[in-house]
Amino acid sequence: MLVILSGVAGAGKDTIKKELIKRMENVESLPSFTSRPIREGDIEGQTYNFVSKEEFEKMIENQEFYEYDIHHNQYYGTSRKLLNEKMKSGKIIVKDIDVNGTEHLKELLKEDTRVVTVFLRVPKEELKRRLEERVDKPSPAEVILRLNRFDYEESRINLYDYVLKNDDLEKTVQIIEAIIENEQKMETKKR
C-alpha cells in the first residue's frame, strides 16, 4: 500500500511521516529525488535523494520517474525503481508529494497498487507563521512563493480520500494511523 501525504509547504507532511515511521513497524518512507540544495538537517537518502539539475534532467530523459514536477524552481520526482523495490518488500510506503504528483501516481498505479491519499490542511495565517519559524529559514521571497501556491493546492482537495485539518500533531498522527489500519483491513478483505 502507498500512503500519500499532501498539503502546502509547512503543512506538517514530513513531521507526520516521521511519526508514522516511529510508531508503526511496517511503515517506511520513500524519499523523492530533488534538484534542490541540501539544507541543514537534511539526510541524503532519507529526506530526499539529492541530484544536480543536470542529473535530474538526464533521469527524466531516461524515463526513471513515475512522476516529476517543478516546485519552487526545483525538480522533484518519484523514482520508478525505488518505489517498485519498496512495494515488493510488502511494507506500507508513506510518501509526501504535491497535488500534481498525487494525481499522476493515482492514475499510473491504480491497477497494481492500493493508493491512499491524505491532504493536510492548515489555515493560511498559521502556514505563514510556520514557514517563517522553520529551522531552514526560507527567505521572504520563498515564503511568498509558497503562500502563492496555497489556493492552487487547496483547490485540488477533491483528489484525496481523506482531508484533515492539521492543527494538533498528536491527533492528526493518530487519525492517520487509524486510516492506515482500516485501509489495510479493507485491502485484506478484498484478497
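Above: the structure in question.
Description of the structure in this document. Being a predicted model, the structure only gives us computed values, none of them experimental.

The rules behind these values
Residues numbered from 1 in each chain as written. Predicted model: local features only at pLDDT ≥ 70, side-chain atom pairs only at ≥ 80, totals over all residues. Heavy atoms only, no water. Pairing = 2+ DSSP bridges. Helix = DSSP H or I, 4+ residues; strand = E, 2+ residues; numbered from the N terminus. Axes fitted to C-alpha atoms, helices over the stretch in contact; angles between N-to-C directions. Contact = heavy atoms within 4.5 Å. Phe/Tyr/Trp six-rings, centres within 6.5 Å; stacked < 30°, edge-to-face > 60°. Buried < 20%, exposed > 50% of the residue type's maximum accessible area, 1.4 Å probe, protein only. Core = buried A, V, L, I, M, F, W, Y, C linked by side-chain atoms within 4.5 Å. Salt bridge = Lys/Arg side-chain N within 4 Å of Asp/Glu carboxyl O.

Description of the sheet that holds strand β7 (residues 92-96)
For step 1, the next point in the chain: On the basis of which strands lie adjacent, the open sheet formed by five strands has the order β2-β7-β1-β8-β9 and parallel pairing. Either end of the sheet is taken by a strand with one partner, and the two such strands are β2 (27-29) and β9 (162-165). Shown here is a sheet whose adjacent strand axes are inclined to one another by a mean of 25 degrees, direction ignored.
For step 2, the next point in the chain: The sheet contacts of helix α1 (residues 13-23) involve β1 (2-6), β2, β7 and β8 (115-121), and relative to β2 the element is tilted by about 140 degrees.
For step 3, the next point in the chain: Strands in contact with helix α3 (residues 80-88) are β1, β2 and β7; relative to β7, the strand with the most contacts, it is inclined by about 150 degrees.

Side note on the packing of aromatic side chains
For step 1, the next point in the chain: Applying the stated criterion across every chain, the model contains nine aromatic pairs.
For step 2, the next point in the chain: Each ring, one from Phe33 and one from Phe65, has its centre 6.1 Å from the other, and the planes form 70 degrees; the classification is edge-to-face. Taken as a pair, Phe33 in strand β3 (residues 33-34) and Phe65 in strand β5 (residues 65-71) lie far apart in primary sequence, 32 residues in all.
For step 3, the next point in the chain: Classification of Phe33 as buried rests on a relative accessible area of 13%.
For step 4, the next point in the chain: A relative accessible area of 6% means that Phe65 is categorised as buried.
For step 5, the next point in the chain: Measuring from ring centre to ring centre gives 4.5 Å for Phe56 and Phe65, while their planes differ by 20 degrees; the resulting arrangement is stacked.
For step 6, the next point in the chain: Judged by its relative accessible area of 0%, Phe56 falls in the buried class.
For step 7, the next point in the chain: Linked through ring pairs, Phe33, Phe56, Phe65, Tyr68 and Tyr75 together constitute an aromatic cluster.

Some details on the nonpolar core
For step 1, the next point in the chain: By size, the foremost hydrophobic cluster in this structure holds 26 residues, and its most contacted members are Val3, Ile16, Leu20, Leu120, Leu127, Ile176 and Ile180.
For step 2, the next point in the chain: Elements represented by at least two residues in this core include exactly β1, α1, β7, β8, α5 (124-132), α6 (140-148) and α8 (169-190).
For step 3, the next point in the chain: Of all hydrophobic cores here, the second largest spans 10 residues; its members include Leu2, Leu30, Leu83 and Val115.

A few points about the pattern of salt bridges
As a working rule, side chains carrying opposite charge can pair if their charged atoms are close by.
For step 1, the next point in the chain: By the definition in use, this model includes 15 salt bridges.
For step 2, the next point in the chain: A salt bridge links Asp14 to Lys18, with the shortest nitrogen-to-oxygen separation between them at 3.1 Å. In this pair, Asp14 and Lys18 are both assigned in helix α1, four residues apart and thus about one turn of the helix distant.
For step 3, the next point in the chain: Note on Asp14: relative accessible area 29%, which makes it partly exposed.
For step 4, the next point in the chain: Its salt-bridge partner being Lys86, residue Glu28 comes within 2.7 Å of it at the nearest N-O pair. Taken together, the residues Glu28 in strand β2 and Lys86 in helix α3 connect sequence positions 58 residues apart.
For step 5, the next point in the chain: Each of Glu19, Lys22, Arg23, Glu170 and Glu177 takes part in one network of salt bridges that share partners.

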